[in-house]
Amino acid sequence: MKYQGIIFDLDGVICSTDQYHYLAWKALADKLGIYFDETINNRLRGVSRMASLEIVLERYDGVLTDEEKEAAATEKNELYRKLLARMSPADLAPEVKETLDALRRKGLLLAIGSSSKNAKFILGQIGLGDYFDKISDGTNISRSKPDPEVFLKAAEFLGLEPGVCLVVEDAKAGIQAARAAGMDAAAIGDAVACGLATYNLSTFRDLLDCVD
Ligand code: BG6
Ligand code: MG
């Protein structure tokens, strides 16, 4: 087999949290009188919480101190977590679970490589709390995608060399991070358009064709 491990982005790959991010950022933006829409929300994909805040603040007339930025990001996250609490195993698509199980049966190690500090909470909500062999997320990195750190850490946690890992991503920043890590990348959703991936998936189960 070409690969020994698969590293999955979480938001937009394993499950969809876009709408919750949108609602939480929108509430903060409205409070500060900042214009915010779904197109701007799409730019936040794969980007860390503080880098996302900076993108939201591009349309802000005033200036926030570092303390005010911390408070704004915390406020957004508190609302976001309230929305995440609504998620359940019903938010895990059967196709995703069946494909993960099939990859595991092939003997592949499976890891998460996510910028989110809420990754473990989300995995618990959708019933995958104990599923992945390793989790590399926003809590163990200091540089966000497109920096390769989160994927290099995931490979290290799995005990694998980067060259035998395949990354699955829905964000351009994530595909760039995978390539910078020396890993092949499979793009799904929005990331397909960037044209930088090794494989373009129309649907999650297409991943099975990439590993044989
Ligand atoms: C990524 C999302 O998975 O996590 C980004 O695609 C988000 O939109 C980032 O900003 C950080 O998430 P969190 O949960 O730590 O605020
Ligand atoms: Mg994503």
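Thresholds, definitions, all that
- Residues numbered from 1 in each chain as written.
- Chains lettered and ligands numbered in written order.
- Predicted model: local features only at pLDDT ≥ 70, side-chain atom pairs only at ≥ 80, totals over all residues.
- Heavy atoms only, no water.
- Domains from an automatic or database assignment.
- Contact = heavy atoms within 4.5 Å.
- Buried area = accessible area lost by both parts, 1.4 Å probe.
- Salt bridge = Lys/Arg side-chain N within 4 Å of Asp/Glu carboxyl O.
- Buried < 20%, exposed > 50% of the residue type's maximum accessible area, 1.4 Å probe, protein only.
- Helix = DSSP H or I, 4+ residues; strand = E, 2+ residues; numbered from the N terminus.
- Pairing = 2+ DSSP bridges.
- Right-handed = clockwise from strand over helix to strand, strands pointing away.

## Some details on the domain arrangement of the protein
Point 1. Taken as a whole, the protein is organised into domain 1 (5–16 + 88–211) and domain 2 (18–84).
Point 2. With 13 residues of domain 1 at the interface, the matching set in domain 2 holds twelve residues.
Point 3. Of the roughly 1100 Å² buried at the junction of domain 1 and domain 2 (both faces included), carbon and sulfur atoms supply 46%.
Point 4. Interface area lost by domain 1 to domain 2 is led by Ser 16, Asn 118 and Phe 121, which between them contribute 37%.
Point 5. Counting every contact that joins domain 1 to domain 2 gives two salt bridges.

## With respect to the pairing of strand 2 (residues 109–113)
Consecutive residues of a regular strand have side chains that alternate between opposite faces of the sheet.
Point 1. Of all five residues in strand 2, four are buried; the element is thus mostly enclosed.
Point 2. Across four bridges, the pairing between strand 1 (residues 5–8) and strand 2 is parallel. Directly across from Gly 5, in strand 2, lies its bridge partner Leu 109.
Point 3. Across three bridges, the pairing between strand 2 and strand 3 (residues 134–136) is parallel. Bridge assignment links Ile 112 to a residue of strand 3, and that residue is Ile 135.
Point 4. Where the polypeptide runs from strand 2 across helix 6 (residues 119–125) and back to strand 3, its parallel neighbour, the crossover connection is right-handed.

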